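Chain residues, written in single-letter form:
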Amino acid sequence: MISDNIFVHFLDAELQKLYINSSYNPININRFFKTAMFLAFLLAKEKIIIPISNYFESDIAFNLVNYFQSISEHNCIEFASTAPDLNSLLNKKQVEHRNNFEKKGFHYADFLQSDTEIYLPATLKQRRISSSQYIKEDWLSLIGKDETWRELSRTLPNIKYSDLEYRLESVPVQLGGMAYISDYILPLIESSEKNNLQANNAINVVVTKAYIRSYLKEYDAVCLCDTPFILDIVLPSIPNKKHISYKKYCEALYSARYQDKSAFDYVINCNPE
C-alpha cells in the first residue's frame, strides 16, 4: 500500500469526454478502468475517493462501482459530495443540470423514481468545500494569464480576445448554479459555437484540473498517472507528493508470478466477491 487516499479521477464523465472517443475499442477501455480500480484498491492504505456525481453521470462509472460493490462493503470506497444525503444530492443535481437531469447516461432519475429503499454501493461522506468554488477561483484567476484561454480564443475567431475575457469573467454569474461543464459554459460565451470540439476541450481542461485539485487538497490524496487514454495534463502537482504510476505497477505485476500465471492476470481476473 502506497498512499493513504487515492482519488479516482478517471471516472469523471467530462474527463472521459476529453480523451475517450468512439474510435477506441470498448474492450480495451473497460479493461483499463477495471485494472485501474484494482490497482487503486491495492495501493490505497485507507480509502479510494470517488465523487458521487461520477457514479451517477457515467455508465462506465456506474457499472464499474457496482461491480466492486462487495469490496466497498469493507468501507474502502468513499463517495464524496457536498450534499449530506441522497435526497439533497438529487435536488442539487436537478438545479445543476436542469433539462439534462434525465439525459442518456445519467442515473439520477433512476433513484428519484424508485419506490423501493435505495442502497448506494459505497459510503456517502459530505465534503467541506464544493469543487465549484475551486473552479471559479481558477477560472477567474487564469483570465489574461494562461495559455489555455489564448488557445480558446484561437478556436473562436469571431470573438476579439478583449471581448472573450469579458465573457469569461461573466460565466460564474451566468451559470446561475448550474454545473461547470463545457456543454453549459460554451453557449454562454458564444451560442453559435456550442458544438466546437476544440473550444469545449479548452474549457474542459481548466475545469477538470481545478475539479481534481479540490479533491486532492481536501483528502490529501494522489491519483494514478501514466494511464492509457487519459493524459496527465489534467493532474495538478501536489506539494511533497507524487502521483502513482499506473504503468509502473502494471509492469511490476506483469513480471511477478502467482499461481503459475502473471500477477497482473491474476489481479484483473480476480472476483471482487
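### Let's talk about the overall build of the protein
In step 1: Helix and strand content of the protein: 14 helices and eight strands.
In step 2: The C-alpha atoms of the protein give 19 Å as radius of gyration, which agrees with the globular expectation for 273 residues (19 Å, within 12%).
In step 3: Summarising its shape, the C-alpha atoms of the protein cover approximately 65 × 45 × 35 Å along the three principal directions.
In step 4: Across the 273 residues of the protein, 52% fall into the buried class.
In step 5: Across the protein, every contact between residues at least 6 apart in sequence was considered, and the portion connecting residues at least 24 apart equals 69%.
In step 6: Taken as a whole, the protein presents about 14,000 Å² of accessible surface, with 47% of it coming from carbon and sulfur.

### Brief notes about the environment of I212
In step 1: Residue placement: I212 occurs in helix α12 (residues 197–219).
In step 2: When the C-alpha atoms of I212 and I268 are compared, they prove to be 26 Å apart, with 56 residues separating the residues in sequence.
In step 3: Look past the residues within four positions of I212 in its chain and what remains in contact with it is F7, H9, C223, V234, L235 and P236.

### Re the packing of aromatic side chains
In step 1: By the definition in use, this model includes 22 aromatic pairs.
In step 2: Each ring, one from Y55 and one from F111, has its centre 6.5 Å from the other, and the planes form 70°; the classification is edge-to-face. Remark: F111 occurs in helix α7 (residues 108–112) and Y55 occurs in helix α3 (residues 52–57); sequence separation between them is 56 residues.
In step 3: Given the relative accessible area of 11%, F111 is considered buried.

### A closer look at helix α11 (residues 182–189)
In step 1: Residues S182, Y184, I185, L186 and I189 constitute the buried set of α11.
In step 2: Residues of α11 that are buried sit in contact with α1 (13–19), α6 (86–97), α8 (131–141), α9 (147–155), α10 (161–175) and α12.

### Quick look at the confidence of the model for the protein
In step 1: Across the protein, pLDDT averages 87, with 95% of residues at or above 70.
In step 2: Per-element mean pLDDT across the protein ranges from 74 in helix α5 (residues 69–72) up to 96 in strand β5 (residues 224–225).

### Remarks on the side chain of H9
In step 1: With respect to the element layout, H9 can be found in the loop between β1 (3–7) and α1.
In step 2: Take H9: its relative accessible area is 3%, and that puts it in the buried class.
In step 3: Look past the residues within four positions of H9 in its chain and what remains in contact with it is L15, I212, C223, L224, I230 and L235.

### Observations concerning the side chain of T227
In step 1: Looking at where T227 falls in the secondary structure, it is placed in the loop between β5 and β6 (244–245).
In step 2: According to the relative accessible area criterion, T227 is buried, its value standing at 11%.
In step 3: For T227, the side chain forms a polar contact with the main-chain oxygen of I230, separated by 3.2 Å.

### Digging into the sheet that holds β1
In step 1: The strand order across the open sheet built from four strands is β1-β2-β3-β4, with neighbouring strands paired in parallel fashion. Both outer strands of the open sheet, β1 and β4 (123–126), are each paired with one neighbouring strand and no more. Pairs of neighbouring strands in the sheet enclose a mean axial angle of 30°, with direction left out of account.
In step 2: Along the sheet, helix α2 (residues 26–43) makes contact with β1, β2 (44–51) and β3 (77–81), crossing β2 at roughly 140°.

### Some remarks on the environment of Y258
In step 1: Among the structural elements, Y258 can be located in strand β7 (residues 257–258).
In step 2: The spatial distance from the C-alpha of Y258 to the C-alpha of P187 is 54 Å, given a sequence separation of 71 residues.

### Brief notes about the pairing of β3
In step 1: Along β3, five of the five residues are buried, which leaves the element largely enclosed by surrounding structure.
In step 2: Across four bridges, the pairing between β3 and β4 is parallel. Bridged to S81 within β4 is Q126.

### Re the packing of α2 against helix α13 (residues 246–255)
In step 1: Relative orientation of the contacting elements α2 and α13 amounts to 85°, with a least axis distance of 11 Å. Judged by the inter-axis angle, α2 sits roughly perpendicular to α13. Contacts from R31, F32, T35, A36, L39 and L43 in α2 reach Y246, Y249, C250, L253 and Y254 in α13.
In step 2: The class makeup of the residues in the contact of α2 with α13 is nine nonpolar, one polar and one charged.

Reading guide: rules and limits
Residues numbered from 1 in each chain as written. Predicted model: local features only at pLDDT ≥ 70, side-chain atom pairs only at ≥ 80, totals over all residues. Heavy atoms only, no water. Helix = DSSP H or I, 4+ residues; strand = E, 2+ residues; numbered from the N terminus. Rg over C-alpha atoms; globule rule 2.2 N^0.38 Å. Buried < 20%, exposed > 50% of the residue type's maximum accessible area, 1.4 Å probe, protein only. Contact = heavy atoms within 4.5 Å. Areas by Shrake-Rupley, 256 points an atom, 1.4 Å probe, with all protein chains shown as cover. Phe/Tyr/Trp six-rings, centres within 6.5 Å; stacked < 30°, edge-to-face > 60°. pLDDT = per-residue confidence, 0-100. Polar contact = N/O pair within 3.5 Å; in protein donor to acceptor, adjacent residues only side chain to side chain. Pairing = 2+ DSSP bridges. Axes fitted to C-alpha atoms, helices over the stretch in contact; angles between N-to-C directions. Parallel < 35°, antiparallel > 145°, perpendicular 65-115°, else oblique. Nonpolar A, V, L, I, M, F, W, Y, C, P; charged D, E, K, R; others polar.

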